[in-house]
Amino acid sequence: MSGAGIVCAAGVAVLAFGALLVLVARSARVWRLALAAQAVGMSAVGAAGAAVLFGAPIAGAPFRSGFAPAFGVDRLSGFFLGVLALIAVPAAMYARDALRDVRHACAVVGLSGVFCLALVGLVVARDVTTFLAFWELMTLLPASVILVVRQDEQARRDVFAYLAITHLGGIGVWASMLVLSAHGALGGVPLHSGGLRALVAVAAIIGFGTKAGAMPLHSWLPRAHPLAPANVSALMSGVMIKLALYGLIRVLFTWAAPVPLWVGLTLLALGALSAVGGVLYALFQHELKRLLAFHSIENVGIIVLGLGASLVFASLGRWQWSAIAFAAALLHTLNHAVFKALLFLGAGSFSGAVGALELDRLGGLLRRMPWTGGAFAIGAMAIAGLPPLNGFASEWMTLQSLLHVAVYGPFGVSLAGAIATAALAATAALAVFCFVKVIGLVLLGAPRRREAASARETPVGMRGPLVFLAGLCVLLGVVPGLLVPTLARLGPGTVALSRGASVSLPGTGGLPALGLALALVLVVGGLWRAARSRRAAPSPAWACGQLVEPALAWTSAGFTKPLRLFLEAVLRPSRELTVRVEHGVLQEVAYDAEVPHLFDTLIYEPVTHAALHGAAVVRRLQSGSLRTYLLYLLGLLALLLVLVRLGVLS
Amino acid sequence: MSAAAAVAGVVQLVGGVAVAPLIPGTVQNLKARLQGRPGPSPLQPYRELRRLWRKSGVAPSPRTIVYELAPATVAGSLLIALVLLPIGGRSPGWPVGNDALVLVGLLALGRFAITLAAWDTAGGFGLMGASRELTFAIAVEAVLLLVLVLVALPGGSTDLLALSAQATRPAVWGEPAHWAAALAFGLVVLAETGRQPVDNPDTHLELTMVHEGPLLEYAGRELAYLQWAAAARHWIVLVLATDLFIPHPGPFVAQVAVLAGSLPVWCALLALCETTQAKMRILRVPLFLGAGGAVCILGLASWFAGGGS
């Protein structure tokens, strides 16, 4: 066994110890120790994964088509193990202080440990049985964590929706994996029939797409993610949905390869829909964690756009760009994991300090919680795709890939590439819009409720992981070029990229990330110093001479109103205005507006209704009377005899 | 580095920093003349900048570091954007590269900083402008990227040096896709510079301001930065228009001369557009810009209809 394999196995053992330690005793000391053990174990696993990614020999078994369990780490698995560790370690350290006041903290700690184990297991599984077993565990464990901490009716309904949708979609995963395994494709035998490849591709897109939260299969995601404790939310949004994309990558890029052109175009369409739809609905959310969950859909869309571009380039024979687009997708996977975990942990800190996460009832938290607030602001800038942070680097690469799809493709492909490019550009602008709103409502301005005015900064154990993740956002934004050539080697094509701080791609002006970051810091800092030397007279903000009172404060709905009005035909917002007048005097004005989630009302509700209706019809067959059942048996027998007689069943 | 590249670097900085305020000044002056007024001198923006530079600032409350950093961030990101633009097809090789999408990112950073500052003081009018500006930006960025797709079609590159080089030949005008891109870029210019019919740069009525809204609380040097930034945005989009769409053949000096000659023409066109157009309803602006997107798609179709050469 290679060195990386030994380190990885040892890490898994420590992780398992950390997960099971809570069975010993229920005291806070024990579960805090358990979390530390989990963090150590995950660090070892991540280190082993990174070693394999950067050139250490492949550890363990290769993929095989049999049913006997097998484990191993290759470079793609190594990358995902590294991403997992980068999120799981800060999340575990954060939980050591954050879970203090949570009910059943012990159970949450144990289940989070097992959840990490399941995520590791999925990535290192090398046969279909193990893969599917860990796949199911990965779906079930977050549901159990949510049910431990939340016992209200609404939470149970949402968990049910989560399990129902992901399991129905999960049929696609089972179908594609079992077909691949049955034909020996996991072991390296290519699928011969084009029809079979198409079937596997469609099943994989449905199955893994549901779990990744790609629209229109996403409806569970904004329900389930906000319910979990912050550290589990970070793992779910940061890693779990990425592992669904890991499965999709394995199927479409290796096992069912080469897939036809339309698979790549389908991914482009799904990616564009998820990116624009996710961020659009995120803009109209009023609760921070739900808003972040919709942004996960957006970012999955961006990653899927990169993967789709890579497949399209592969179909066109443009191997160089295929590798670049693949690297863009992986880089965004890593980046999104980092900043989304940061944002979810930050939201957890705000929730602990203020008590609620309604956007319109926070405000002014940057002054009260400078460390948490500052790190959160960096994460928000990164997710909005602004230079010089990491979100910009990967969105820049994805945008370049899409633009080159439009440049290199024949007309239909080019049109798809152009529309996807415009969609991603609009997504980036919408994300800026959304996070300007979030930072403004949460961190800036005057506090909007008493708890926000008296919020206290979190202990070091909670803000340390946030600062670490914010540092990663900056680091990955400044030197993405150190990682990109390694990621490009994992892709289908080959491209010779120079390793350096900047990303230089053919057919672009290059992204000199380090130079750009230094220039921005120096120029902005210099200009700031030059303006600061003047004295400034204090004054209230201008409100046409009116007194600024809290009732005049801008709300989330107000800020997004121009867009809501412009997109009225698409979003179909509902709005209710009731004015109560008594004796000609205005007594009360009540205003209520909402942007309904159209995917729920137009797709999921009719489907649910139809399913329930169908179930009611079928239920009539179940009369409970023994005679009826005997009649059914007789009928079936007669039918079979008739079929045999006719020669249908020979 | 060749002498021409060094000259290009000087023009990038001196032109962007010192000549940029002349552009809005000239547009205002020409507009006044078209309306039969003598109007302010084209040098008026310089006088305003000098006056603001000497004045003390205003510190509204509540505010944080975000409010204080915003003007420097806006001006700084535009200052870096200036040196991304090739002059006469050359650039001295600054360590920030020459990529068109980096330019788009820097413009977004400036927009982010100033709209965030509006939240910091939480003044109603600043936020009104900020929310409108961000709504417009969605359409602006999408159309701008489609324009870049069209101009990248012949050469397959988003490097601004390559894009500028391929537009040197007058033959580019024979390509309908080029016309479509130029037309759509015109709409982007109107939106980025805050000109009518998208925004009215002359208005100082709080309810109608878009770009000016978030500037409301600033004074002194900070306001000077923001006013310079508005001028620099004119410089950037107009120089980009010349680089991408106007044939500029010949040696370096001739190319710079074409740039110098084109800027007054662009100013005159802006003044003419502003005189003849009324400001449109805010909700029609995204549709107006979206028309640019449709033109780009038509341009793409025409490119392939023409054989995609």
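The structure under discussion appears in the preceding block.
Residues numbered from 1 in each chain as written. Chains lettered and ligands numbered in written order. Predicted model: local features only at pLDDT ≥ 70, side-chain atom pairs only at ≥ 80, totals over all residues.

**Observations regarding unusual backbone geometry**
Applied cut-off: In DSSP terms, a helix is any run of H or I states spanning at least four residues, a strand is any run of E spanning at least two, and both are numbered starting from the N terminus.
Omega for the peptide link from Met215 of chain A to Pro216 of chain A comes to 5 degrees, which places this bond in the cis form. Inspection of the secondary structure puts Pro216 of chain A in the loop between helix H7 (194-212) and helix H8 (221-224). Between Gln196 of chain B and the following residue, Pro197 of chain B, the backbone shows a cis peptide bond with an omega angle of 10 degrees. Even without being glycine, Arg572 of chain A reaches a positive phi, approximately 50 degrees. Take Arg572 of chain A: it is sitting in the loop between helix H23 (568-571) and strand S4 (574-582). Unusually for a residue other than glycine, His583 of chain A sits at a positive phi of about 50 degrees. Summarising the element assignment, His583 of chain A is placed in the loop between S4 and strand S5 (585-594).

**Looking at helix H24 (residues 598-619) of chain A**
Given 3.6 residues per turn, any residue in an α-helix points the same way as the ones three and four places further on. The test is simple: The length a helix should cover is 1.5 Å for every residue beyond the first. Any residue whose C-beta has 12 or fewer other C-beta atoms within 10 Å is treated as exposed, any with 20 or more as buried, and any in between as partly exposed, C-beta atoms being built from the backbone.
With 22 residues, H24 of chain A ought to run about 32 Å at 1.5 Å a step, and its terminal C-alpha atoms sit 30 Å apart, in line with that. Of all 22 residues in H24 of chain A, zero are buried, a share of ten percent or less.

**Some points on the interface of chain B and chain A**
Convention followed: The contact criterion used is a C-beta to C-beta distance within 7 Å, with each C-beta placed from the backbone. Note on residue categories: nonpolar means Ala, Val, Leu, Ile, Met, Phe, Trp, Tyr, Cys or Pro, charged means Asp, Glu, Lys or Arg, and polar means any other residue, Gly included.
Opposite the 75 residues of chain B that make contact, chain A presents 69 residues. Taken together, the elements giving at least two residues each to the side of chain B that touches chain A come down to strand S1 (57-61), helix H4 (65-84), helix H5 (100-121), helix H6 (124-152), helix H9 (220-245) and helix H11 (285-305) of chain B. For the side of chain B that touches chain A, the element with the highest residue contribution is H6 of chain B, accounting for 16 residues. Taken together, the residues of the side of chain B that touches chain A break down into 44 nonpolar, 21 polar and 10 charged.

**Some thoughts on the environment of Gln277 of chain B**
All names here are of chain B. Positionally, Gln277 belongs in the loop between helix H10 (252-276) and H11. Overall, the presence of 13 C-beta atoms within 10 Å leaves Gln277 in the partly exposed class. Gln277 sits 172 residues away from Gly105 along the chain, and the two C-alpha atoms are 30 Å apart. The residues contacting Gln277, other than those within four sequence positions of it, are Gln196 and Pro197.

**Description of the environment of Tyr604 of chain A**
All names here are of chain A. Inspection of the secondary structure puts Tyr604 in helix H24. A tally of 16 C-beta atoms within 10 Å means that Tyr604 is categorised as partly exposed. Separated by 439 residues in the primary sequence, Tyr604 and Ile165 have C-alpha atoms spaced 9.8 Å apart. When sequence neighbours within four positions are dropped, the list of residues in contact with Tyr604 reads Ser219 and Phe599.

**A few points about the packing of helix H3 (residues 75-98) of chain A against helix H12 (residues 319-354) of chain A**
All names here are of chain A. Our working rule: In this description, a line fitted to the C-alpha atoms serves as the axis of each element, helices being fitted only across the stretch in contact, and the angle between N-to-C directions of two axes falls anywhere from 0 to 180 degrees. In this scheme, roughly parallel covers angles under 35 degrees and roughly antiparallel covers those over 145, while 65 to 115 is roughly perpendicular and the rest are oblique.
One way to put it is that H3 packs onto H12 with a least axis distance of 10 Å and a crossing angle of 10 degrees. When the axes of H3 and H12 are compared, the pair comes out roughly parallel. Contacts between H3 and H12 involve Phe79, Val83, Leu86, Ile87, Pro90, Ala91, Tyr94 and Ala98 on the former and, on the latter, Leu330, Thr333, Leu334, Ala337, Val338, Ala341, Leu345, Gly348 and Gly352. Grouping the constituent residues of the contact of H3 with H12 by class yields 14 nonpolar, three polar and no charged.

**A look at helix H8 (residues 176-192) of chain B**
Over its 17 residues, H8 of chain B runs 24 Å from end to end, which matches the ideal 24 Å to within 8%, given 1.5 Å per residue. Following H8 of chain B by one or two positions, Gly194 of chain B has its phi on the positive side, about 65 degrees.

**Description of the pairing of S4 of chain A**
Rules: Should DSSP find at least two bridges between two strands, the strands are taken to pair.
The buried fraction of S4 of chain A amounts to zero of the nine residues, a small share that puts the element mostly on the outside. In this antiparallel pair of consecutive strands, S4 of chain A and S5 of chain A, the connection spans two residues, and His583 of chain A shows a positive phi of 50 degrees.

**Digging into the packing of helix H10 (residues 261-283) of chain A against helix H11 (residues 288-316) of chain A**
All names here are of chain A. The following threshold applies: Left-handed is the label given to a crossing in which the near helix is rotated counterclockwise from the far helix by less than a right angle, and right-handed is the label when the rotation is clockwise.
Between H10 and H11, the least distance of the axes is 7 Å, while the angle of their chain directions is 160 degrees. With respect to H11, the axis of H10 lies roughly antiparallel. The crossing of H10 and H11 is left-handed. Split by residue class, the contact of H10 with H11 holds 22 nonpolar, eight polar and one charged.

**A word on the nonpolar core**
Put simply, the rule reads: Working definition: the nonpolar core is a set of buried Ala, Val, Leu, Ile, Met, Phe, Trp, Tyr and Cys residues, joined through C-beta atoms within 7 Å.
With 365 residues, the main nonpolar core has Leu119 of chain A together with Val143 and Val147 of chain B as its most contacted residues. Setting aside anything within four residues of it in sequence, one finds Val147 of chain B in contact with Ala181, Ala184, Phe185, Val188 and Cys296 of chain B.

**What to know about the environment of Gln154 of chain A**
As for its placement among the helices and strands, Gln154 of chain A is situated in helix H6 (residues 153-182). Sequence-wise, Gln154 of chain A and Gly113 of chain A are 41 residues apart; in three dimensions their C-alpha atoms are separated by 26 Å.

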